[in-house]
Amino acid sequence: SIPEGLKDKIKLTKTEQEIIDELLESGTDAISEYTKALNETKNKWARKLYTAIISDESKHLSELKYLKSMGTDGDYVPKDGEAVDELGEILESVIVDIL
């Protein structure tokens, strides 16, 4: 989970918010394309790979939405506990590096 007091240290500029919005859009597009590929193939190896990529992309979208929410005083929290934990570890490592 996100370490106590860390949320207060994360503020995003308008430009940084726009960058995240662009990443969210491209990630959403990627999920759409992989889903289309998944639905169009019967190859079990390709289906397994596409499914794994969709899962990873979805987790990354959750992390980006959570970062944006924290940086803009939003209230988004991912349902995926793994995404919360992973982002917490990343942010905690940044704080440790700058202290």
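See above for the structure.
Residues numbered from 1 in each chain as written. Predicted model: local features only at pLDDT ≥ 70, side-chain atom pairs only at ≥ 80, totals over all residues. Heavy atoms only, no water.

Caption draft 1: Representation of the overall build of the protein chain in the model. Helices and strands together make up the secondary structure of the protein chain, namely three helices and zero strands. Ordering the α and β elements of the protein chain from the N terminus gives α-α-α. Looking at the protein chain as a whole, 27% of its 99 residues are labelled buried. A separation threshold of at least 6 residues defines the contact pool for the protein chain, and within that pool the share at least 24 residues apart is 59%. Carbon and sulfur atoms provide 52% of the accessible area of the protein chain, an area that totals close to 6,900 Å². (Helix = DSSP H or I, 4+ residues; strand = E, 2+ residues; numbered from the N terminus. Buried < 20%, exposed > 50% of the residue type's maximum accessible area, 1.4 Å probe, protein only. Contact = heavy atoms within 4.5 Å. Areas by Shrake-Rupley, 256 points an atom, 1.4 Å probe, with all protein chains shown as cover.)

Caption draft 2: Molecular detail of the packing of aromatic side chains. Taken as a whole and judged by the stated rule, the model has one aromatic pair. Look at Y34 and Y50: their rings are 6.2 Å apart centre to centre, the planes differ by 45 degrees, and that puts the pair in the tilted class. Taken together, the positions of Y34 in helix α1 (residues 14–40) and Y50 in helix α2 (residues 44–71) put the pair 16 residues apart, joining distant regions of the chain. Exposure remark for Y34: the relative accessible area of 29% places this residue in the partly exposed category. (Phe/Tyr/Trp six-rings, centres within 6.5 Å; stacked < 30°, edge-to-face > 60°.)

Caption draft 3: Structural view of the pattern of salt bridges. Enumeration over the complete set of coordinates arrives at three salt bridges. Residues D21 and K68 are paired through a salt bridge, measuring 2.5 Å at the closest nitrogen-oxygen approach. Residue D21 is found in helix α1, and its partner K68 is found in helix α2; the two are separated by 47 residues along the sequence. The salt bridge partner of K36 is E33, with a shortest N-O separation of 3.5 Å. Here K36 and its partner E33 are both found in helix α1, three residues apart, which amounts to about one turn of the helix. The partly exposed category is assigned to K36, whose relative accessible area is 40%. (Salt bridge = Lys/Arg side-chain N within 4 Å of Asp/Glu carboxyl O.)

These figures capture arrangement, not role.
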